[in-house]
Amino acid sequence: MNLELQQFKADFFKALGHPLRIRILELLSEGDKNVNELQSLIGSEGSAVSQQLAVLRSKNIVYGTKDGNKVTYSLRDPMIIELLSVARQIFNNHLIDAISMLDRFNEE
C-alpha cells in the first residue's frame with residue numbers, strides 16, 4: 001500500500017511538473033474556463049494548452065464538461081488551490097532565505 005501511495009504521489013507531481021500546467025491550474029483555481037478562455041489568458045497556442053489539459057485530465061487533476069462544441073474545464077479537487085498556495089509560500093520562504101544569505105554576505 002505504501003508503495004502505491006508513493007507511486008501516486010510521484011505521478012501526481014510529474015503531472016504538475018510543467019509551467020504551463022501550473023498556469024492552467026492557477027487560472028482554473030479562479031473558476032471554470034474553456035480552452036479559448038485559457039488560451040486567451042495564457043497567450044499560448046491552442047494546441048499547447050490542449051496538450052497540457054490532456055495530461056492534467058489523464059491524471060484526474062482536471063475534468064471537462066461538454067456543452068455543445070465547447071468543453072469547460074474544472075479542478076477535480078479543490079485541494080489543488082491549497083497546494084498551489086503552499087507552493088507559493090515555500091517559494092517565498094526560499095526567497096527570504098536567499099535574501100538573508102545575501103544580506104549576511106554583503107555585511108562581511
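In case you missed it, the structure is sitting above this.
Residues numbered from 1 in each chain as written. Predicted model: local features only at pLDDT ≥ 70, side-chain atom pairs only at ≥ 80, totals over all residues. Heavy atoms only, no water.

Description of the side chain of Lys-33
Alright, step 1. Along the polypeptide, Lys-33 turns up in strand 1 (residues 33-34).
Alright, step 2. Glu-30 is the oppositely charged side chain nearest to the buried, salt-bridge-free Lys-33, at an N-O distance of 4.4 Å.
Alright, step 3. Here Gly-31 takes part through its backbone oxygen, which lies 3.2 Å from a polar atom of the side chain of Lys-33.
Alright, step 4. Lys-33 has contacts with Leu-27, Leu-28, Leu-38, Leu-41, Val-71, Thr-72 and Tyr-73, leaving out every residue within four places of it along the chain. (Helix = DSSP H or I, 4+ residues; strand = E, 2+ residues; numbered from the N terminus. Buried < 20%, exposed > 50% of the residue type's maximum accessible area, 1.4 Å probe, protein only. Lys, Arg positive; Asp, Glu negative; His and termini not counted. Salt bridge = Lys/Arg side-chain N within 4 Å of Asp/Glu carboxyl O. Polar contact = N/O pair within 3.5 Å; in protein donor to acceptor, adjacent residues only side chain to side chain. Contact = heavy atoms within 4.5 Å.)

What to know about the pairing of strand 2 (residues 62-67)
Alright, step 1. Bridge analysis of strand 2 against strand 3 (residues 70-75) gives 6 bridges, and the strand direction is antiparallel. Along strand 3, the bridge assignment pairs Asp-67 with Lys-70.
Alright, step 2. The antiparallel pairing of strand 2 with strand 3 creates a hairpin that spans 2 residues between the two strands, and Gly-68 there sits at a positive phi of about 70 degrees. (Pairing = 2+ DSSP bridges.)

Digging into the nonpolar core
Alright, step 1. Formed by 19 residues in total, the largest nonpolar core has its most connected members in Ile-24, Leu-25, Leu-53, Ile-61 and Val-62.
Alright, step 2. No other element matches the 5 residues that helix 2 (residues 19-29) contributes to this core.
Alright, step 3. Apart from residues lying up to four places away in sequence, Leu-25 is in contact with Leu-16, Leu-56, Ile-61, Val-62, Leu-75, Ile-80 and Leu-84. (Core = buried A, V, L, I, M, F, W, Y, C linked by side-chain atoms within 4.5 Å.)

Describing the packing of aromatic side chains
Alright, step 1. Going through the model one piece at a time under the given rule, you end up with 2 aromatic pairs.
Alright, step 2. On the numbers, 6.0 Å between centres and 20 degrees between planes, the contact of Phe-8 with Phe-12 is stacked. Pair noted here: Phe-8 and Phe-12 are both in helix 1 (residues 2-15), with a separation of 4 residues, about one helical turn.
Alright, step 3. Owing to a relative accessible area of 51%, Phe-8 belongs among the exposed residues under this scheme.
Alright, step 4. Centroid distance Phe-12 to Phe-13: 5.4 Å. Interplanar angle 80 degrees. Geometry classified as edge-to-face.
Alright, step 5. On the basis of relative accessibility, which here comes to 17%, the residue Phe-12 falls in the buried class.
Alright, step 6. The rings of Phe-8, Phe-12 and Phe-13 are connected pair by pair, giving a single aromatic cluster. (Phe/Tyr/Trp six-rings, centres within 6.5 Å; stacked < 30°, edge-to-face > 60°.)

Regarding the packing of helix 2 against helix 3 (residues 35-42)
Axis angle and axis distance: for two packed helices, these are the angle between their axes and the distance between the axes, and together they describe the pair.
Alright, step 1. Running from N to C, helix 2 and helix 3 point in directions that differ by 115 degrees, and their axes come no closer than 11 Å. Here helix 2 lies roughly perpendicular to helix 3, going by the angle between them. Like other packed secondary-structure pairs, helix 2 and helix 3 cross with a definite hand, here right-handed. In this structure, helix 2 contributes Leu-20, Arg-23, Ile-24, Leu-27 and Leu-28 to the contact, and helix 3 contributes Leu-38, Leu-41 and Ile-42.
Alright, step 2. When the residues that make up the contact of helix 2 with helix 3 are grouped by side-chain class, the tally is 7 nonpolar, no polar and 1 charged. (Axes fitted to C-alpha atoms, helices over the stretch in contact; angles between N-to-C directions. Parallel < 35°, antiparallel > 145°, perpendicular 65-115°, else oblique. Left-handed = near helix turned anticlockwise from the far one by under 90°. Nonpolar A, V, L, I, M, F, W, Y, C, P; charged D, E, K, R; others polar.)

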